[in-house]
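Descriptive analysis of the structure
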Amino acid sequence: VAKQKWLELHGIALLPLADGNVGVLSRNSPFILATREQQDLLPTLKHRFVSTSAIAKLARYFANDDFLKAMGIVKFSAQVLAKHIGDVLPRSWKGAKVARWDPDRAPT
């Protein structure tokens, strides 16, 4: 019964996001639950991360795997990081066997 009720939320903008916008819930939602530290690893995905304050306030729902599945929300994982790490690494590193990094200079 709860699953059926959750599906009624699809299409409604209810999910506070890390970038300050409100996400529309759906089974194919591209939203990710992550700590602030995890979000910092992929700063270009703020529009996909659920805000940390919403995670705290809605912890009861986000702890329910059936709810997450019904809403299409995923937890941050190694798979999420691997899928999106290329979006934040310098383009010049793509395909390189070795990449030089100088913390005092922004890579390109």
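Report on the accompanying structure. (Residues numbered from 1 in each chain as written. Predicted model: local features only at pLDDT ≥ 70, side-chain atom pairs only at ≥ 80, totals over all residues. Heavy atoms only, no water.)

1. Here we look at the overall build of the protein
Put simply, the rule reads: Helix and strand assignments follow DSSP, with helices taken as H or I runs no shorter than four residues and strands as E runs no shorter than two, numbered in order from the N terminus. For this measure, only C-alpha atoms enter the radius of gyration; the expected value for a globule follows 2.2 Å times N^0.38, where N is the number of residues. Two residues qualify as a contact provided that any one of their heavy atoms is within 4.5 Å of a heavy atom in the partner residue. The Shrake-Rupley method, run with a 1.4 Å probe sphere, supplies the accessible areas, and residue values consider only the shown protein chains as cover. Charge convention: Lys and Arg are scored as positive, Asp and Glu as negative, and His as well as the terminal groups of each chain are ignored. To locate a charge, take NZ of a lysine, CZ of an arginine, CG of an aspartate or CD of a glutamate.
Along the backbone of the protein there are six helices and four strands. Counting helices and strands in the order they occur from the N terminus, the protein gives α-β-β-β-α-α-α-α-β-α. Taken against the 2.2 N^0.38 rule, which gives 13 Å for 108 residues, the C-alpha radius of gyration of the protein at 17 Å runs more than 25% over that of a compact globule. Sequence-distant contacts in the protein: of pairs separated by 6 or more residues, those separated by 24 or more amount to 52%. For the protein, the exposed surface amounts to about 7,600 Å²; the carbon and sulfur share of it is 55%. Put simply, the protein has 16 plus and 9 minus side-chain charges, and the middle of one group is 5 Å from the middle of the other.

2. Section: the pairing of strand β1 (residues 13-16)
Side-chain positions along a regular strand alternate between the two faces of the sheet. Here is the rule: Strand pairing follows a simple DSSP-based rule, namely that at least 2 bridges must link the two strands.
Here β1 pairs with strand β2 (residues 22-24) via three bridges, running antiparallel. The residue of β2 that forms the bridge with L15 is G23. The antiparallel pairing of β1 with β2 creates a hairpin that spans five residues between the two strands, and G20 there sits at a positive phi of about 95°.

3. Notes on the pattern of salt bridges
Let me state the cut-off plainly: Every case where a carboxyl oxygen of Asp or Glu lies within 4 Å of a side-chain nitrogen of Lys or Arg is listed as a salt bridge.
What the rule picks out here adds up to one salt bridge. K75 is paired through a salt bridge with D65; the nearest N and O atoms lie 3.5 Å apart. Residue K75 is found in strand β4 (residues 74-75), and its partner D65 is found in helix α5 (residues 65-71); the two are separated by ten residues along the sequence.

4. Section: the side chain of H84
What counts, and what does not: For every residue, the accessible area obtained with a 1.4 Å probe (protein chains only) is divided by the maximum for its type, and the residue is called buried under 20%, exposed over 50%, and partly exposed between those limits.
With respect to the helices and strands, the residue H84 is situated in helix α6 (residues 78-84). On the basis of relative accessible area, H84 is assigned to the buried category, the value being 7%. Among residues more than four places away in sequence, those in contact with H84 are L42, L45 and R48.

5. Side note on the packing of aromatic side chains
Defined as follows: Pairing of aromatic rings covers Phe, Tyr and the six-membered ring of Trp, with a centre-to-centre limit of 6.5 Å; geometry is then stacked below 30 degrees between planes, edge-to-face above 60, and tilted otherwise. Criterion for a charge above a ring: Lys NZ or Arg CZ within 6 Å of the ring centre, and within 35 degrees of the ring normal.
Scanning the entire structure with this criterion turns up three aromatic pairs. Taking 5.2 Å as the distance between ring centres and 85° as the angle between the ring planes, the aromatic pair formed by W6 and F67 counts as edge-to-face. One end of the pair, W6, is in helix α1 (residues 2-7); the other, F67, is in helix α5, with 61 residues separating them in the sequence. Classification of F67 by relative accessible area gives buried; the value is 7%. Note on F62 and F67: the rings are 6.2 Å apart at their centroids and 55° apart in plane angle, and the pair reads as tilted. The class for F62 is buried, based on a relative accessible area of 6%. Through successive ring pairs, a cluster of aromatic residues spans W6, Y61, F62 and F67. The residue whose ring lies beneath R60 is Y61, and the NZ or CZ to ring-centre distance is 4.8 Å.

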